Amino acid sequence: MKNLKYLLLRRVTQIGLLVLYFGANAYGWTILKGTFGSSLLFGVIPLADPYTTLQVLATGFVLGADVLLGALIITLFYMIVGGRAFCSWVCPINMVTDLANWLRRKLNLDKEEVNYRFLKRRARYWIMVLGLIVSAIVGIAAFEALSPITIMQRGIIFGFGAGISVVIAIFLFDLFGVKNGWCGHLCPLGATYSLIGKASLVRVKHDHGACTACMKCKVVCPENQVLHMINKESISVTDGECTNCGRCIDVCDDDALGFGIRSFTNKVND
Amino acid sequence: MANSDNNRRKFMATTLQSVGLTALGGLLWSGYCDEAKASPLVLRPPGALKEEAFLDACIKCGMCAEACYNRDSNIDKETGKQRPGTLQMAKGGDHRLVGTPFFTPRDVPCYMCDDIPCVPVCPSGALDMPSLLDKKGELDINKAQMGLAIVHKESCIAFWGLQCDACYRACPLLDEAISLEYMKNERTGKHAFLLPVVHSDVCTGCGLCEKACVTEKPAIFVLPREHATGKAGAHYVKGWDKKDQERVGNRKAEEIETHTKRSEKAPVDYLNKEIEY
């Protein structure tokens, strides 16, 4: 059980949030209304997705103050807890891609990884910028027109329809196509939250002294390029692309990894 | 030297590939978005901005659909079953921009709630509350312009001479948005036509008439305003309308003479001088 702690916590959070959103529509709960695009917490506090907000602004429409304030609140929140905590603790697509990733390992599909020359991890940043440009040209929030994240969430709240095919497509892409293809390479929302969380307070810390170089953490990590310090030096994971999912902490048998607060005074933690 | 040359070549190639792929992606993406927003004849909630601006503004949160009193999740007190909702959030396969709210009057019309619950909750301003406020600053659903009802005369049985006033009775603005025009039925000589006439300045496009229409496929139906209205153009002036006449002031039409080979000769000489016209 010990090596599932953060995984279970994450699933409880993810599903719990979806239940709250679902209940808002089905039973009229007022805890969390709307969708990840824009919602209302306790009927007063506005929340809005920063990237969605940027897209709407890019279309040239001056948004209502509620959304702007909501986007600010969300941005500040993730600046503290680690930007991509959204990806691993909130986003419903994460459950789909994690399942695909797990199956990949079980089915030994990882053994012959093809080197996808064109699909670099930085592709998401290109897509993020492109999304804003396309929004400005065409005049609709471009990523929101096909975002599997809100399609899945709206599907759960309002009913899926043919939208389920987008979710299945992502599952198949991650399972048979590129490892961590969607979250790790393409998703512009993840890219935005990486930028937001670049200097966040909550970080995974590595203790070189305890590490036995078993590399279990690198196997489970969806963004294992951020774990470059493993068995090398005792520093925090500073990369914004770390999703703060805590899976590495779960699987580490040597207590070499754990959540901590970023230290700004000296780069090397002891 | 050779190595640095190689690096430069590789760098140029990668840059070109990235830029090329981005351009390709951008083109496909723009194409998709442009198609996705071109959903025809879609009716939006009350207070919605003009379709083009609405698509800019809608953040697809679904709060309007959740606030609608007539929702999917509401239980019908009489039957105990779920009842179909007015506002639907476009799903994949609806052929509407995914995630935007719309309604289909033929299935479920807008029931014109007095307090318009769907509008104040809109966080982005896609549903424009000021456009629905009356002089006292209160919400007035009768100011909504969701669409405009159109009567198709050939399939409307009232135009056949059969007695039907279903749409007229169903209209929440009875005698204002739809009135009945009486006409003598010349075929029988002793019956009257009761013809439904929609007044476009009052009709809100709620669709209650379309839902009530008794014909197999409704003979009265709601279209988005920009599709249901024509436009005469500013150069037509109603001479009998004092206000309209003021628009042009005392200006008179310029005298325009057109000279052609024929007009040089007087038409009067057609017979005498055998001018050919």
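Everything numeric here is computed off the predicted structure, so don't read it as measured data. (Residues numbered from 1 in each chain as written. Chains lettered and ligands numbered in written order. Predicted model: local features only at pLDDT ≥ 70, side-chain atom pairs only at ≥ 80, totals over all residues. Heavy atoms only, no water.)

Structural notes on unusual backbone geometry
Peptide bonds are, in most cases, trans, and in most cases residues other than glycine have a negative phi.
All names here are of chain A.
No. 1: Unlike most non-glycine residues, F42 shows phi in positive territory, near 55 degrees.
No. 2: Tracing the chain through its elements places F42 in the loop between β2 (38-41) and β3 (45-48).
No. 3: Despite not being glycine, N180 has its phi angle at roughly 50 degrees, a positive value.
No. 4: Topologically, N180 is positioned in the loop between α8 (164-176) and α9 (181-186). (Helix = DSSP H or I, 4+ residues; strand = E, 2+ residues; numbered from the N terminus.)

Some words on the domain arrangement of chain B
All names here are of chain B.
No. 1: Taken domain by domain, chain B holds domain 1 (33-142) and domain 2 (147-228).
No. 2: Inter-centroid distance (C-alpha atoms) of domain 1 to domain 2 is 25 Å.
No. 3: At the interface, 14 residues of domain 1 touch 19 residues of domain 2.
No. 4: When domain 1 packs against domain 2, the two sides together hide about 1200 Å² of surface, and 66% of this comes from carbon and sulfur. (Domains from an automatic or database assignment. Contact = heavy atoms within 4.5 Å. Buried area = accessible area lost by both parts, 1.4 Å probe.)

Digging into the UniProt feature "transmembrane region" (unreviewed entry) in chain A
No. 1: Mapped onto the present numbering, the UniProt feature "transmembrane region" (unreviewed entry) falls on residues 12-32, 52-80, 125-143 and 155-176 of chain A.
No. 2: Helix makes up 74% of residues 125-143 of chain A and strand 0%, with an end-to-end C-alpha separation of 13 Å. (UniProt positions renumbered as here; feature names shortened; annotations may be inferred.)

Side note on the interface of chain A and chain B
No. 1: Taken together, the contact between chain A and chain B spans 46 residues of the former and 37 residues of the latter.
No. 2: Counting each side, the surface lost to burial between chain A and chain B is near 3400 Å², with a carbon and sulfur contribution of 65%.
No. 3: On inspection of chain A and its partner chain B, the count reaches 0 salt bridges.
No. 4: Broken down by secondary-structure element, the contributors of at least two residues to the side of chain A that touches chain B are α1 (5-26), β1 (32-34), β2, α2 (50-58), α3 (65-81), α6 (123-138) and α7 (148-158) of chain A.
No. 5: No other element matches α6 of chain A, which puts 6 residues into the side of chain A that touches chain B.
No. 6: Considered class by class, the residues forming the side of chain A that touches chain B number 25 nonpolar, 15 polar and 6 charged. (Salt bridge = Lys/Arg side-chain N within 4 Å of Asp/Glu carboxyl O. Nonpolar A, V, L, I, M, F, W, Y, C, P; charged D, E, K, R; others polar.)

Some thoughts on the sheet that holds β3 of chain A
Note: strands within a sheet are paired through backbone hydrogen bonds, in either parallel or antiparallel orientation.
All names here are of chain A.
No. 1: Taking strand neighbours across the sheet as the criterion, the 3 strands line up as β1-β2-β3 in an open arrangement whose pairing is antiparallel. Lying at the two open borders of the sheet, with one neighbouring strand each, are β1 and β3. Pairwise comparison of adjacent strand axes, ignoring direction, gives a mean angle of 25 degrees for this sheet.
No. 2: Inspection of the sheet shows β1 paired to β2 by 3 bridges, in the antiparallel sense. The partner of G34 across the bridge, within β2, is S39.
No. 3: Against the sheet, α1 engages β1 and β2, with an angle of about 65 degrees to β1.
No. 4: Together, β2 and β3 form the strand contacts of α3, whose direction differs from that of β3 by roughly 75 degrees. (Pairing = 2+ DSSP bridges. Axes fitted to C-alpha atoms, helices over the stretch in contact; angles between N-to-C directions.)

As for the packing of α2 of chain A against α6 of chain A
Residue and element names in this part refer to chain A.
No. 1: Between α2 and α6, the least distance of the axes is 7 Å, while the angle of their chain directions is 35 degrees. Across from Y51, L54, Q55 and A58 in α2, the residues of α6 making contact are I127, M128, G131, L132, S135 and A136.
No. 2: A breakdown of the residues in the contact of α2 with α6 according to their chemical character gives 7 nonpolar, 3 polar and no charged.

A short note on the pattern of salt bridges
Residue and element names in this part refer to chain A.
No. 1: Taken as a whole and judged by the stated rule, the model has 13 salt bridges over all chains.
No. 2: Of the charged contacts, one joins D98 and R11 as a salt bridge, the two residues approaching to 2.8 Å between their closest N and O atoms. Placement of the pair is D98 in helix α5 (residues 93-106) and R11 in helix α1, with a sequence separation of 87 residues.
No. 3: Assessed through its relative accessible area of 21%, D98 is described here as partly exposed.
No. 4: For the salt bridge of D250 with R247, the shortest nitrogen-to-oxygen distance reads 3.3 Å. With D250 and R247 both in helix α12 (residues 247-251) and 3 residues apart, the pair spans about one turn of that helix.
No. 5: Accessibility expressed as a relative area gives 18% for R247, which makes it buried.
No. 6: Within this structure, R84, R121, R124, E223 and E241 form a network of salt bridges that share partners. (Buried < 20%, exposed > 50% of the residue type's maximum accessible area, 1.4 Å probe, protein only.)

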